Amino acid sequence: MYKKKFFLILVFFFIISSGWSQKGFSILESAKNSINFKGNPANATDRKSLAFSDKGAWFAFGFLDVSNVQAGFSGPFLMTEQNGVWLSSSFVSLQLKDEKGQDIIDWKSSLVAQNSYNSHLEQQFKNEKLEVKQQLVFLSGHTALQRTSITNKSAKPITLFPSYNASLFLDDLQLSNEKNTLKIVSTKSIAVGYIQFLKSNPEIEITKQGYKAQTEKLVLKPNETKEIVVSQSFIFPQYSWKIENETIQKTVFTTLLNNTQKEKEKQLAQLIAKKKNIYKDHSYSDLIAKLVLTLQNNTRIPAEGLKHGGLFPSYNYEWFHGFWAWDSWKHAVAVANYDAELAKNQMRALFDYQDPNGFIPDCIYRNNLLEENNYRNTKAPLAAWAIWKIYEKTKDVNFIKEFYPKLTLYHDWWYKERDYDQDGLCEFGSTDGTVIAAKWESGMDNAVRFDDSKILKNGEKAYSLDQESVDLNSFLFAEKNYLSKMATVLKLTEEAKKWKDESDALKLKIQKQFWDPETGWFYDTTIDGKTLIKAMGCEGYCPIWAEVATAEQAKSAKNNMVDPASLNTFVPLPTLAANHPKFKPDNGYWRGPIWLDQSYFGINGLEKYGYTKEANELAYKLMHNAEGVMDKGTSIRENYQPVNGKGLEAYNFSWSASHYLMLLLEDK
């Protein structure tokens with residue numbers, strides 16, 4: 001008896017001390033509504049509102065705001081169609097009528113709450129007669145289930161007649177009723193939609209605008225609750241609809257929701273346990289949940305040309321519905337902290353398109369009739385970094401074995417195709433001989449350092465800019481070190497030594513050629529290495545991150561990084577020093593605004609050289625001064641204005657979320 005009582009006291013203490021909610025999902029509860037999914041899609045291409053997805057699905061949902069609220073979620077937003085379009089304002093929206101055909105509840109006046117979680121969406125309505133609760137959770141990358149629970153709060157039985165009536169935004173769809181399933185076929189996509197009113201025998205009518213569906217009447221006794229569950233599936237033909245439908249039919253909604261909540265709670269708990277000591281406050285735990293949700297919304301399962309799963313930079317921006325090379329490397333490093341298989345597949349997705357000579361295309365897409373894969377350039381070589389970080393988390397030797405020859409081929413490609421004077425220092429370039437594609441290859445399209453750049457021909461489909469870049473060669477130095485570590489894991493002793501010898505030689509070249517002792521910064525140089533291209537930019541953070549700088553060089557660079565007049569702006573570590581005449585903080589793209597990957601390279605580099613205090617101070621400003629990062633509801637942005645912190649460019653941006661996550665977590 002005493003033992004049992006003691007155990008109960010312990011359990012009670014644990015619940016109280018951990019702040020668990022009634023259902024036991026304290027982290028999810030604390031982090032709810034971290035991104036605002038409310039809005040009213042007015043047409044197919046209306047991108048003013050954001051949408052929630054999970055399990056890598058190619059479709060997403062949100063909340064209709066109070067002015068147009070219905071008993072249904074906004075959407076779906078279909079990424080199976082074009083570059084993302086809304087199918088409808090709310091395609092599965094419930095209407096409840098009484099025996100006289102009158103609405104028994106006014107959704108606008110009876111709305112109680114709309115809450116989003118990393119696990120699901122939920123909204124509640126209530127009037128004097130009824131309490132209605134709707135929840136939407138993803139079953140898979142093909143299907144979401146929407147449950148409506150209706151409770152009679154009156155003292156008398158109530159008879160309800162549930163129905164659905166939706167209009168389409170798109171005119172390229174054909175709807176049909178097949179065995180009580182609403183089937184959706186598109187002329188612009190090979191994915192097929194299936195809407196099912198589960199455990200029901202609905203009367204479905206196809207209309208000019210969309211469809212109408214009437215399900216069986218419900219008779220509710222006082223305090224009785226009944227449920228309606230609708231499945232929404234959008235599935236590509238490479239997957240089996242038969243198998244998916246079998247799973248749908250045997251799924252119990254409560255079990256699915258509970259399992260999803262447990263999965264997300266565990267995922268976040270494990271990440272929170274990895275937080276650096278300085279981020280123990282619960283607000284940083286909520287931020288972690290927001291960052292992971294940002295990445296979750298951008299995650300896609302394989303479809304058509306994307307042969308492995310991965311992450312979009314941003315599903316919300318029309319032209320970001322694909323996978324980019326250096327984005328992918330960065331996503332993989334962050335995602336490896338909570339989903340190693342997704343991280344691995346993000347790497348495989350780009351290497352699926354590796355050329356025999358080692359080249360990796362800049363970006364790849366699901367459907368090349370919409371967007372052609374970009375073979376005009378590659379991106380900065382960070383792949384070996386990503387592979388090694390995944391290995392550190394998984395200790396999967398077979399993964400190293402799978403990628404080592406591919407990485408070696410890619411690394412060697414740079415020296416064959418992008419070293420104009422064969423001096424062991426590479427240049428960014430292009431395959432088509434254009435300057436613009438060569439700038440794209442750097443990732444820093446309009447950076448000041450490229451203002452006067454010209455193109456040089458190295459060979460067939462091989463061109464270089466007429467300057468040697470410090471960031472590129474720092475990345476190549478880091479790659480040699482990672483490749484040496486991989487060779488050691490694979491017991492390739494001679495190759496490990498070769499890579500280390502090469503890195504030692506390259507280190508001396510970088511320290512000598514790209515460093516300016518007068519200003520204490522690393523710069524690009526002309527192709528002959530004799531003239532520095534003096535624009536103090538974010539490329540100078542990379543030698544610190546790659547640990548290629550001497551201790552003295554790192555100290556001088558640190559002094560610039562903490563100087564409010566140049567790089568320690570309100571949101572710190574801009575892409576161009578604030579005291580440069582071409583500094584353009586508002587919409588300057590790579591001429592001033594903060595890009596989180598570059599700020600991360602700078603801060604992480606300072607940590608590596610022992611400047612922990614300075615790194616922490618910069619990281620604090622990066623989180624707290626960038627608009628909305630620490631706030632509930634505000635989306636993570638593509639980049640930020642360095643002087644006032646305003647969010648810029650795309651919403652729900654993956655690599656920003658990735659690097660914030662990296663900054664928060666111990667790198668173990």
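That block above? That's the structure.
Now for a description of the structure that goes with this document. (Residues numbered from 1 in each chain as written. Predicted model: local features only at pLDDT ≥ 70, side-chain atom pairs only at ≥ 80, totals over all residues. Heavy atoms only, no water.)

### Side note on the sheet that holds strand S29 (residues 532-533)
An order of S25-S28-S29 is seen for the three strands of this open sheet, with the pairing classed as antiparallel. The open sheet has two edge strands with one neighbour each: strand S25 (467-468) and S29. Both S25 and strand S28 (residues 524-526) contribute to a ladder of two bridges, which runs antiparallel. Across the sheet, the residue bridging to Gln467 is Thr526, located in S28. (Pairing = 2+ DSSP bridges. Helix = DSSP H or I, 4+ residues; strand = E, 2+ residues; numbered from the N terminus.)

### Looking at the layout of surface pockets
If you add up the space inside the largest pocket, you get close to 550 Å³. Every residue lining the largest pocket is counted, 26 residues in all, and those nearest its centre are Phe320, Trp324, Lys379, Asp445 and Tyr589. For the lining of the largest pocket, the secondary-structure elements that each account for two or more residues are helix H7 (325-335), strand S21 (363-365) and strand S31 (647-651). When residues in the lining of the largest pocket are grouped by element, the largest group, three residues, is from S31. Per-class residue counts for the lining of the largest pocket are 15 nonpolar, two polar and nine charged. As a volume, the second largest pocket reaches approximately 430 Å³. In terms of lining residues, the second largest pocket is bounded by 24 residues, among which Lys389, Tyr482, Asn604, Lys608 and Asp667 are the most central. Of all elements in the fold, only helix H9 (383-394), helix H12 (470-489), helix H16 (596-608) and helix H18 (654-664) reach the threshold of two or more residues within the lining of the second largest pocket. The class makeup of the residues in the lining of the second largest pocket is ten nonpolar, three polar and eleven charged. (1 Å grid on protein atoms, 1.4 Å probe; cavity = no way out; pocket = protein on both sides within 12 Å on 5 of 7 lines; lining within 4 Å. Points joined across faces, edges and corners; volume = space filled by probe spheres on them. Nonpolar A, V, L, I, M, F, W, Y, C, P; charged D, E, K, R; others polar.)

### Structural notes on unusual backbone geometry
Excluding glycine, a negative phi dihedral is what most residues carry, and trans is how most peptide bonds are arranged. With an omega of 10 degrees, the peptide bond between Gly75 and Pro76 qualifies as cis. Residue placement: Pro76 occurs in strand S3 (residues 74-78). With a phi angle near 50 degrees, Gln422 is a residue other than glycine that sits in the positive phi range. Examined against the element boundaries, Gln422 turns out to sit in the loop between helix H10 (397-417) and strand S22 (429-430). In this structure Gln422 comes out as exposed when scored by relative accessible area, which is 56%. Not every positive phi belongs to a glycine, and Tyr589 is a case in point at roughly 60 degrees. The class of Tyr589 is partly exposed, set by a relative accessible area of 25%. (Buried < 20%, exposed > 50% of the residue type's maximum accessible area, 1.4 Å probe, protein only.)

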